[in-house]
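# Per-entry structural report
Listed below, chain by chain, are the residues.
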Amino acid sequence: MKGMSGQALKGHLDLLLLSLVDDEPRHGYAIIESLRERSDGVFDLPEGTIYPALHRLEQAGFLSSRWSDIAARRRRVYRITASGRRELEHGRADWSRFAQAVQAVIA
Amino acid sequence: VTVDEYIRALRRDLPRGRHARRVLVEVEDYLRDASLADGEEAAVERFGSPSEVAAAFAPTFGASATRASVACVLVAVALAFATFPLLESVLPPAPWPSGPPDYLHWKQQSVLGLFLAGTLLALAGGAALLFRRLRAARVLTSAAAVALTAMLVLDVVLSYQWHREVPGAPGPIAIALYGSAIAALVLAALGHAAHAASLSTTRKPI
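Residues numbered from 1 in each chain as written. Chains lettered and ligands numbered in written order. Predicted model: local features only at pLDDT ≥ 70, side-chain atom pairs only at ≥ 80, totals over all residues. Heavy atoms only, no water.

## Observations regarding the overall build of chain B
Cut-off, in case you're wondering: Elements are defined by DSSP. Helices are runs of H or I of four residues or more, strands are runs of E of two residues or more, and each kind is numbered from the N terminus. In this treatment the radius of gyration is a C-alpha quantity, and the globule benchmark scales as 2.2 Å times the residue count to the 0.38 power. Here a residue-residue contact requires only that any non-hydrogen atoms of the pair lie within 4.5 Å. With residues, only the protein chains shown are counted as cover, and all accessible areas are computed by Shrake-Rupley using a 1.4 Å probe.
Within chain B, the regular secondary structure consists of seven helices and zero strands. Start at the N end of chain B and walk to the C end: the helices and strands fall as α-α-α-α-α-α-α. Relative to the globule expectation of 17 Å for 206 residues, the C-alpha radius of gyration of chain B, 24 Å, shows a markedly less compact shape. C-alpha atoms of chain B, sized along the principal axes, occupy 85 × 25 × 20 Å. Once local pairs closer than 6 in sequence are excluded, the contacts in chain B between residues at least 24 apart make up 77%. Carbon and sulfur atoms form 66% of the exposed surface of chain B, whose accessible area is close to 10600 Å².

## As for the packing of helix 2 (residues 13-23) of chain A against helix 5 (residues 82-106) of chain A
All names here are of chain A. Here is the rule: To obtain an axis, a line is fitted to C-alpha atoms, over the contacting stretch when the element is a helix, and the angle between two such axes runs from 0 to 180 degrees between their N-to-C directions. Here the word oblique covers every angle except those under 35 degrees (roughly parallel), over 145 (roughly antiparallel) and from 65 to 115 (roughly perpendicular). The sense of a crossing depends on the near helix, which, turned anticlockwise from the far helix by less than a right angle, makes the crossing left-handed and, turned clockwise, makes it right-handed. Polar here means any residue other than Ala, Val, Leu, Ile, Met, Phe, Trp, Tyr, Cys and Pro, which are nonpolar, and Asp, Glu, Lys and Arg, which are charged; Gly is therefore polar.
Between helix 2 and helix 5, the shortest axis-to-axis distance is 10 Å and the interhelical angle comes to 125°. As far as their axial angle goes, helix 5 and helix 2 are oblique. Relative to helix 5, helix 2 is oriented so that their crossing is left-handed. Here Leu-15, Leu-18, Ser-19 and Asp-22 of helix 2 come into contact with helix 5, specifically with Gly-84, Arg-85, Glu-87, Leu-88, Gly-91, Arg-92 and Trp-95. Broken down by class, the residue content of the contact of helix 2 with helix 5 amounts to four nonpolar, three polar and four charged.

## Details of the sheet that holds strand 1 (residues 26-27) of chain A
Residues and elements named next belong to chain A. Cut-off, in case you're wondering: Strand pairing requires that DSSP identify at least two bridges connecting the strands.
Taken together, three strands build an open sheet; the order of strands is 1-3-2 and the sheet is antiparallel. Looking at the sheet topology across the chains shown, the edges are occupied by strand 1 and strand 2 (63-70). Taken together, the two bridges between strand 1 and strand 3 (residues 73-80) define a ladder with antiparallel strand orientation. Paired with Arg-26 across the two strands is Tyr-78, which belongs to strand 3. Sitting on the sheet, helix 2 touches strand 1, strand 2 and strand 3, and the angle it makes with strand 3 is about 105°.

## Brief notes about unusual backbone geometry
A positive phi angle, near 55°, is found at Asp40(A), a position not held by glycine. Tracing the chain through its elements places Asp40(A) in the loop between helix 3 (28-38) and helix 4 (50-59). Positive phi values are uncommon outside glycine, yet Arg132(B) reaches one of about 60°. Tracing the backbone shows Arg132(B) in the loop between helix 5 (102-130) and helix 6 (134-165).

## Some thoughts on the nonpolar core
Note the cut-off: Among buried residues, those of type Ala, Val, Leu, Ile, Met, Phe, Trp, Tyr and Cys that are joined through side-chain atoms within 4.5 Å constitute a nonpolar core. For every residue, the accessible area obtained with a 1.4 Å probe (protein chains only) is divided by the maximum for its type, and the residue is called buried under 20%, exposed over 50%, and partly exposed between those limits.
Grouped together as the largest cluster of nonpolar side chains are 44 residues, with contacts concentrated most on Ile50(A), Tyr6(B), Leu14(B) and Leu31(B). Elements supplying a minimum of two residues to this core: helix 2, helix 3, helix 4 and strand 3 of chain A together with helix 1 (3-13), helix 2 (18-38), helix 3 (40-47) and helix 4 (50-90) of chain B. When residues in this core are grouped by element, the largest group, seven residues, is from helix 2 of chain B. In contact with Leu31(B), other than residues within four places in its own chain, are Val3(B), Tyr6(B), Ile7(B), Ala43(B), Val44(B) and Phe47(B). One finds Val77(B), Ala80(B), Leu104(B) and Ala189(B) within the second-largest nonpolar core, a separate group that totals 23 residues.

Here's what the structure looks like:
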């Protein structure tokens, strides 16, 4: 399937990132790989847009991060906060309503 | 373009400081990992140009600059509080039985009022930062810095006139020197706030 542009993902990237980090704490490379794998390559963003989004979510208090040694490399690992989990639940509910509404219209 | 060349180019496009160093380490980590999987050139190409990536990071640097602005103004207030008793201790007793003449009295009250306003605004700016209201934090901190600047200017004028009325009182030069550290912090706070505002109005990331 053809990859979606960054514009098409506008407004949904935060939800996707929070959801990926909610499963388990991850570093940036693992987050980008998971995004690509889980979307079967559909979400093919310029990877340089992911890190600013992670930093923005951290500054908003939805993620926290710390340096960890993984496979003999020092990496910044992101984990979701309680506030991030609440934001994720709101985002999931909003998305579900939106998707149902779109489906009802285009079906 | 190699990873090293990319990182050098990105370093040129980012503001200086601790936040930039963290960004560079994370990006380099990612590119090294991605290079192992797809080759250096492909990894760098997919990441986006250094200028685009720096523009996407700009709002996050705005938050760092806002924190620096709030910190500067809070330290300025703390310094003023800490040094005020010192200043009071070197003032000779006032010669007026019922308070200073009007032209000094209103300036004295205004200095105290501006100091109080600056302190409250600085604390409100700190609270806004705690609640992640960055724009409010910048506005409150800038207002605090303006109030403290006005206080310092008025204090220098007051000290000049006070010195003429009360021999032995610290003169305007002494007060200007005393206030120079506070003034430097206040100016730094304004500079950081302006920098934060300029970064926050640049293109936002997806």
